[in-house]
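What follows is each chain in one-letter form.
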Amino acid sequence: MIRFLFVLLAFLFTINAYAAPTWKDVITQKGKDGKLRVYIPFSVLSDLKGNIRGSEAVLSIDFPLPSRWLVLSAILHLEYSSSILLLPERSEMVVSLNGQKVYQTRKIGSLTDTGNIDININGFLFRDFNKLQITAIQHYCLDCCEDPNAPELWTDIDMKNSFLVLTVEELPFPERLDAIPDFLFDFKNIAGVKFSIITESESDEFLSMAGIVASYAGMKIKYRPVKVSFKKEISPDEDAVIIGTEKFIHEKLGIKLPFVVDGATVGVMKNPLNPVRGLVILTGKNFEDVKLAVLSFASYTKNLPTSQFARVKSVKLPDVKSYDSPGMIPLGKEVTLKDLGKPTTIFRYFYPPPLTLYFRIPSDILTEIKDKARLTLFVSYGAALREDSVINIFINDKFIASRRLGEFEGENDKRVEIEFPVYNLQKGSNTLKIYFAMVPDKKGKCETFNIQNMVATLFDKSSIFIPELPHWTKMAYINYFFDTTYPFSIYPDFSQTLVYLTDKVPDTIGAYLTLMAFVGERTMFPAYKVAVTTDVSVLKNSNKDLLIIGKLEELPVELKENSPLSLRNGILTIHYPLMKRIGNYLREIFLGKKERENEYESIVRLGSGFSNLFAGMAFESPYESGKTVVLFSSTSPGTLSKGMELLFHPEVIGKLYGDTVLFDVSSKKGWGIDIGNKYFVGTLPFYERFLFLLGYSWKYMLLASIIVIALLALSAKYILDRREKKLLGGENSGMEDGENKENS
């Protein structure tokens, strides 16, 4: 144990190119022997809590490893705590990897309630997709009537401090197009993916093509952090995508292609400087060929050719409608678990972990209505379960419904329907958890019973249905962008988006490319029609949503005036509305409510005391009413691209709210405030919009009240005037009759 900790500490202290690691980091370091050491905390492998309950229970952790890694050996460090009431003579822990037992111990249940284990594992046991199982056999007595579900039968695995250290050899890059998903853009790479893009020029057209490739890479990599650099030559440490004509590749980069270029061509080859790295070549004889090669490459959705290169004659891009993003579930349609990537799942014994489903809906959906969504489950379960065995449904950690499993004889392929109000859903990301709480049919106190019947299957044809809902929301919120890249995800091909760069230095372009990878990961669609410009006149004449990256001080005057932040001479200024500050302070004084806006002072101090700040903000476009600007900037050179990498870390951006966020890149901490003017986007019928605005703002309510009072006053005046005229008319008529009588 001491020897192992010494080795681990030595390993960690050799890593001087990283910031202080958190327990959510995967750390890689190449040793003097040329082998790669990879440190992986359990908190990266799984989001499970690590609880093992009952007399026989299993914690199962599924995790992938990249195809380019050949695992030579591994050390599993396991930290746990267990109930001190467990009996060591009858309690044990068994660890297995991919069905092969690698360790067992009887240490659990001793007088100490914590323990740690170091396990050596042979590298040949690892696969592309792995299952690590920790089984706890737990008893609290020898000769007694034991309850297998007793609360003292527990062991907790410390998911934060348990980890896996791999010794890895990186395999040479196979020179085949179908190797791109497994080696370059590999979603199994839990360490994250880094690559560079090299273009023939820094023109707007070539940068647009680079953005298409970056978004495609993000779409393929899916769940992993991505860093895309912009470089002018290949590096031995990175994979690269090269976009340019054959002449550029030969003459400027000095690369001899192993295939003939005859028109638009997509090809791969080993990096000449390092055979374990790969190059993707998107080339042709002229600019049109190169663009066709890029669009064709980004259109590959299924199997790539097994050859080293492919020539492209034409490409047909898909027609994209609004809200057509594959990264969000469609409204008004039945969507199965299989469609959402969840296979048929089996649940066993006491406390089986839930099936957890993450899904996104558009961020502008109006959920504050009484419409119903529907969850349809198809389940089979064992016979002789007790009548209080149930399925529990949670949405966004709120209990929604429960259904009995029911029949004593068990059932096969039973249909269970659950309706729930859509106001239980959140804009953007949602979490659905399905728990099976099964109890065996046990009659007597000490009666032996069978736990093998405690089994249920949830079939992948189970589905969720969310009805068509109005698109109507208040803007602008930068957290909408972090979650679903709204409003740019309305048209995921970026046909209604303009990207503006304040300059073309490598840090700004690299930040733009990393951001496009983030967009592709969220929308799950390549940004085929992304348009990039550095021309201010194009920016000012745009009627699209704007994505701006660069220096605050170089923005046009109209954007500076509208943006919540400004930077002058290295000093950060926040444009916080005076009336809003006064209102918040009054609420704090009289109501005792400490508002979020008190962060204003801490952020001002942050801006003046930190040099590595990365800022993101959202506000209404000064050039087109109802359109949104999302702007990213930094306070120092080199910070912009590093800050953009933080977008891939949910633990950093997940809890930030408002229209303005600031990140300290060094500490990976973020602060969010809501300070800008608000506006509404979307479509609602006039009367619904009127009622919504009436309930939303005291200003609209006051205006409506004044109008109603004025109308009532005018109506009353009209009625009184008519009554007065009628009365006066009657009196005049009576006087005339009297005069006539006197005359007669």
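Residues numbered from 1 in each chain as written. Predicted model: local features only at pLDDT ≥ 70, side-chain atom pairs only at ≥ 80, totals over all residues. Heavy atoms only, no water.

Quick notes on the sheet that holds strand β15 (residues 265-271)
Within a sheet, neighbouring strands are paired by backbone hydrogen bonds and run either parallel or antiparallel to one another.
Here comes step 1: Spatial ordering of the open sheet is given by β13-β12-β14-β16-β15-β17, a layout of 6 strands whose pairing is mixed. A strand with exactly one partner marks an edge of an open sheet, and here the two such strands are β13 (226-230) and β17 (309-311). Across this sheet, the average inter-strand angle for adjacent strands is 20°, counted without regard to direction.
Here comes step 2: Judged from the 5 bridges that link them, strand β12 (residues 193-199) and strand β14 (residues 239-243) form a sheet pairing that is parallel. (Pairing = 2+ DSSP bridges. Helix = DSSP H or I, 4+ residues; strand = E, 2+ residues; numbered from the N terminus. Axes fitted to C-alpha atoms, helices over the stretch in contact; angles between N-to-C directions.)

Structural notes on helix α4 (residues 204-221)
Here comes step 1: A rise of 1.5 Å per residue sets the reference length of α4, with its 18 residues, at 26 Å; its end C-alpha atoms lie 26 Å apart and thus fit the reference within 8%.
Here comes step 2: Within α4, 16 of the 18 residues are buried, which leaves it mostly tucked inside the rest of the structure.
Here comes step 3: Trailing α4 by a residue or two, lysine 222 shows a phi angle of about 65°, which is positive. (Expected span 1.5 Å × (residues − 1). Buried < 20%, exposed > 50% of the residue type's maximum accessible area, 1.4 Å probe, protein only.)

Concerning the state of the cysteines
Here comes step 1: On inspection of all chains with the given rule, the structure shows 1 disulfide.
Here comes step 2: Linked covalently through their sulfurs, cysteine 141 and cysteine 144 form a disulfide whose S-S length is 1.4 Å.
Here comes step 3: According to the relative accessible area criterion, cysteine 141 is buried, its value standing at 13%. (Disulfide = S-S within 2.5 Å.)

Considering the pattern of salt bridges
Here comes step 1: Enumeration according to the criterion identifies 27 salt bridges in this entry.
Here comes step 2: Residues lysine 188 and aspartate 186 are paired through a salt bridge, measuring 2.9 Å at the closest nitrogen-oxygen approach. The same class applies to lysine 188 as to aspartate 186, namely buried.
Here comes step 3: In the salt-bridge network here, residues are joined through shared partners; they are Lys30, Glu170 and Arg277. (Salt bridge = Lys/Arg side-chain N within 4 Å of Asp/Glu carboxyl O.)

Some thoughts on the pairing of strand β16 (residues 274-283)
Here comes step 1: Counted residue by residue, β16 has 9 buried out of 10 residues, so it is predominantly covered.
Here comes step 2: Summarising the sheet, β14 and β16 pair through 4 bridges and their orientation is parallel. From the neighbouring strand, valine 241 faces β16, where its bridge partner is valine 280.
Here comes step 3: Where β15 and β16 come together, 7 bridges link them in antiparallel fashion. Residue pairing for β16: methionine 269 is matched across the bridge by leucine 279.
Here comes step 4: Between the end of β15 and the start of β16, which pair antiparallel, lie 2 residues.

So, unusual backbone geometry
Here comes step 1: Residue methionine 475 is joined to alanine 476 through a cis peptide bond whose omega torsion reads 5°.
Here comes step 2: In this structure, alanine 476 sits in the loop between β28 (472-475) and α7 (478-484).
Here comes step 3: Following tyrosine 486, the chain continues to proline 487 via a peptide bond in cis, the omega torsion being 10°.
Here comes step 4: Locating proline 487 in the fold gives a position in the loop between α7 and β29 (497-501).
Here comes step 5: Located in the positive-phi region is tyrosine 349, a residue other than glycine, with phi close to 65°.
Here comes step 6: By secondary structure assignment, the location of tyrosine 349 is in the loop between β19 (345-348) and β20 (355-361).

Focus: the nonpolar core
Here comes step 1: One finds Ile243, Phe481 and Phe632 to be the most contacted residues of the largest nonpolar core, which totals 89 residues.
Here comes step 2: In terms of residue count, α4 provides more of this core than any other element does, 11 residues in total.
Here comes step 3: Counting residues in each nonpolar core, the second largest holds 40 residues, with Ile395, Ile418, Leu432 and Ile434 among its members. (Core = buried A, V, L, I, M, F, W, Y, C linked by side-chain atoms within 4.5 Å.)

Brief notes about the environment of valine 228
Here comes step 1: Within the element layout of this structure, valine 228 appears in strand β13.
Here comes step 2: The residues touching valine 228, leaving out its near neighbours within four places in the chain, are Phe195, Ile197, Gly510, Leu513, Thr514 and Ala517. (Contact = heavy atoms within 4.5 Å.)

A look at a nonpolar patch on the surface
Here comes step 1: Taken together, the side chains of Leu703, Ile707, Leu711 and Leu714 present a nonpolar region at the surface, about 390 Å² in accessible area.
Here comes step 2: When you line up the elements, leucine 703 lands in helix α16 (residues 698-743). (Patch = residues over 30% accessible without salt bridge, like charges linked within 9 Å, V, L, I, M, F, W, Y side chains within 5 Å. Areas by Shrake-Rupley, 256 points an atom, 1.4 Å probe, with all protein chains shown as cover.)

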